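# Report on the structure
Listed below, chain by chain, are the residues.
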Amino acid sequence: MVVYRVCGATDKGRVRELNEDYYMEAVIGDSDIIVLGVADGVGGLMAGEVASKIALTTFASSLIQSLVTYYKGMKIFEGTIDVSDDLVIQKAVKESIDRANQGVRDAVRNSGTTLVAALVFGKPGIGYIINVGDSRAYIVSGNEIHQITRDHSVPWRDFENELKRVEWDKINWSDSASVEGFFEWKRKYLGSHPKSHVIWNVLGYFGEVDYFDIFRVGLYKGDKLLLTTDGLTDMANDYEILEVMKNNSCEEAARELVKLANNKGGEDNITVAILEVA
């Protein structure tokens, strides 16, 4: 029997006076539907801590309500998801993003927040990852970590061009030092970019949200899904995150990831939400 565990942790870090991040988890039924997410209030704008909380709670409640209403509380618990369901889910996600965006705009002027969330259907083991901004989603499977989302940022656009120049055949993926070197180059490239942290997509600030990413992933026993703000990924590279994730339980991993970021400087708020398939 597959068991889903969800957990999370947040910390203001070692530099910031206020924690503008927020995370939440919602489990419906016997893990029939799980919604978890993190949001990061944009620094330099007003009341980021309000924006992140309003955006994430509005998004999650709207998404659950839309799906239960559409399916009349029945089909989503049956354990099957097909192509027609993908279209329904995408429509529900778009409506929920719009409501969350408007909620931020109504509550706080000149504010904005990122949002990365996961909608998981437990019985078929399918997850939909939704992203606006530069918070991230990763999946850890065995000894591998994969970034699911793409940062909606200026540095990420340039990074994708740099990836085209990488001599992939010269990277020894079976050698931990080589892998860590690649991931550290990625972290440093993004962090040292002249327009580091300039993002072009958030909830609230730009008016309507014209673009969001949604990815469908299969979830299998032993997998761990990580949602995180950049307070972690700015401080620690993907290999370091992998080492923590694969060697710890859900709750322990959440605590250790926060500790890792703080030990490396804790320059921003740090928030993680984790789903473990056990």
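Notes on the structure follow. (Residues numbered from 1 in each chain as written. Predicted model: local features only at pLDDT ≥ 70, side-chain atom pairs only at ≥ 80, totals over all residues. Heavy atoms only, no water.)

### As for the environment of V272
Assignment of secondary structure puts V272 in strand β10 (residues 270–277). Given the relative accessible area of 0%, V272 is considered buried. It is 4.4 Å that separates the C-alpha atoms of V272 and T228, two residues lying 44 residues apart in sequence. The residues touching V272, leaving out its near neighbours within four places in the chain, are C7, G8, A9, Y23, V38, L226, L227, T228, L232, A254 and L257. (Helix = DSSP H or I, 4+ residues; strand = E, 2+ residues; numbered from the N terminus. Buried < 20%, exposed > 50% of the residue type's maximum accessible area, 1.4 Å probe, protein only. Contact = heavy atoms within 4.5 Å.)

### Concerning helix α3 (residues 154–163)
Because each turn of an α-helix spans 3.6 residues, side chains separated by three or four positions in sequence point in the same direction. Among all positions in α3, only P155, W156 and F159 are buried. Buried residues of α3, viewed axially, fall in a sector of 90°; they line one side. At its buried positions, α3 is contacted by β6 (136–141), β7 (144–147) and α4 (176–191). For α3, the N-terminal capping position is held by S153, with its side-chain oxygen 3.2 Å away from the main-chain nitrogen of W156. (Arc of directions from axis to C-beta. Polar contact = N/O pair within 3.5 Å; in protein donor to acceptor, adjacent residues only side chain to side chain.)

### Examining unusual backbone geometry
The phi dihedral of S31 is positive, around 60°, even though this residue is not glycine. Along the chain, the position of S31 falls in the loop between β2 (21–28) and β3 (33–40). Exposure remark for S31: the relative accessible area of 13% places this residue in the buried category. With phi around 50°, N110 is a residue other than glycine that occupies positive phi space. Note on placement: N110 falls in the loop between α2 (83–107) and β4 (115–121). For N110, a relative accessible area of 52% gives the class exposed.

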